[in-house]
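Below are the chains, spelled out letter by letter.
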Amino acid sequence: MKVKKKYNGLVIPTITPLTQDHKLDHEAVERIFDNIFNYGGVPFILGTTGEAQSLPNDVKLDFIKLAAKLKQPNKLLYAGISSNCVADSVAIANQCADEGVDVVVAHLPAYFSLTDDEIKEYFETLANKSPLPLIVYNIPATTHTSIQVNLLDELSFHENIIGTKDSERNIDRLKQSLVLWAKRLDFSHFLGWGAQSVHALFAGSDGLVPSTGNLFPDIYYKMLVAADNNDEQAALLLQRHSNLLGDIYQNKRLLGGSLAALKSLMESAGLCHSYMMPPLQQVSPADAAELQQGLQNIITRENLNLPIYQ
């Protein structure tokens, strides 16, 4: 039987909705959070999907304060603290603790290449200085470094490092990780690779962090329920829908372009505007129309019941 841990479930890497003058759009945050909460998810703000590395500190702090106010009782709130400056990451972690965030998440700095010893010391320093539990975030697509599984396993025994979010697209790494941590009560594994969600859940992963969940959290909620009930057929159908919907905004785009496309689809659903924080740019009107048509084609072909688009 799968072990139920404290840190588990559906964690949505929330976009940062912006106004035209690049301030936080408070009303959009409330709509997005309501959509997440309605389907059993919790927010993870200031991550990759949230354009965190492009946000000024005042927008970050505004988001932290608002997210904490909107947090549901007995539910967790996750926030990213990643920076190229360790002191800045620690300062953000302290601000998160002051406002009521529950867990902080950090990936590697993305400028200097680091040795394994430097990587270990970096995360141990953050864990020692953070007043909140820390999740180690592996995302070589942006940091250009993969945190080796054996090194991450060493870090997993630090008393303030409670899990990992892994977005590396490497099936052997995923299998190795779950052999190590699926049954560890004190360390949780979250997958940020949408295409392997069902495989990970059935192999013992504790939760999902899907960017597509900003639009369709119901798919992943149902996927988690199917996995809990050992209903592989239902889970695989949901995996198919996740793949098709993710491909609409991710396929043949750079990461920044995929985030702009996701915001465009969210705008068409009435959740937010599609404004991006520079240097990223909005999609063109023609591209927005193509995205909407692509989504409608899938909804029709697959006979999908997607609540946000009803």
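Residues numbered from 1 in each chain as written. Predicted model: local features only at pLDDT ≥ 70, side-chain atom pairs only at ≥ 80, totals over all residues. Heavy atoms only, no water.

**Remarks on the sheet that holds strand S8 (residues 207-208)**
Read around the barrel, eight strands follow the order S1-S2-S3-S4-S5-S6-S7-S8 and close on themselves; strand pairing throughout is parallel. Summarising the sheet, strand S1 (residues 9-13) and S8 pair through two bridges and their orientation is parallel. Its bridge partner being in S8, Leu10 is matched across the sheet by Leu208. Together, S1 and S8 form the strand contacts of helix H9 (residues 217-228), whose direction differs from that of S1 by roughly 155°. (Pairing = 2+ DSSP bridges. Helix = DSSP H or I, 4+ residues; strand = E, 2+ residues; numbered from the N terminus. Contact = heavy atoms within 4.5 Å. Axes fitted to C-alpha atoms, helices over the stretch in contact; angles between N-to-C directions.)

**Quick word on the packing of aromatic side chains**
To describe a pair of aromatic rings, you give the distance between the ring centres and the angle between the ring planes. Summed over all chains, the structure comprises six aromatic pairs. Considering the side-chain rings of Tyr111 and Phe112, the 5.0 Å spacing of their centres and the 80° angle between planes classify their relative orientation as edge-to-face. Here the two residues Tyr111 and Phe112 agree in accessibility, since each one is exposed. When the ring of Trp181 is compared with that of Phe187, the centres are 5.1 Å apart and the planes differ by 65°; the resulting orientation is edge-to-face. With respect to burial, Trp181 and Phe187 carry one shared label: buried. Chaining the aromatic ring pairs together yields one cluster made of Phe33, Phe37 and Phe63. (Phe/Tyr/Trp six-rings, centres within 6.5 Å; stacked < 30°, edge-to-face > 60°. Buried < 20%, exposed > 50% of the residue type's maximum accessible area, 1.4 Å probe, protein only.)

**Here we look at unusual backbone geometry**
Peptide bonds are, in most cases, trans, and in most cases residues other than glycine have a negative phi. In this structure, the amide linkage connecting Pro278 to the following residue, Pro279, adopts the cis form with an omega of 20°. Positive phi values are uncommon outside glycine, yet Leu46 reaches one of about 65°. By the secondary structure assignment, Leu46 is in the loop between strand S2 (42-45) and helix H2 (57-70). For Asn74, which is not a glycine, the phi torsion comes out positive at approximately 65°. Mapped onto the elements of the fold, Asn74 is located in the loop between H2 and strand S3 (78-80). We classify Asn74 as exposed; its relative accessible area is 84%.

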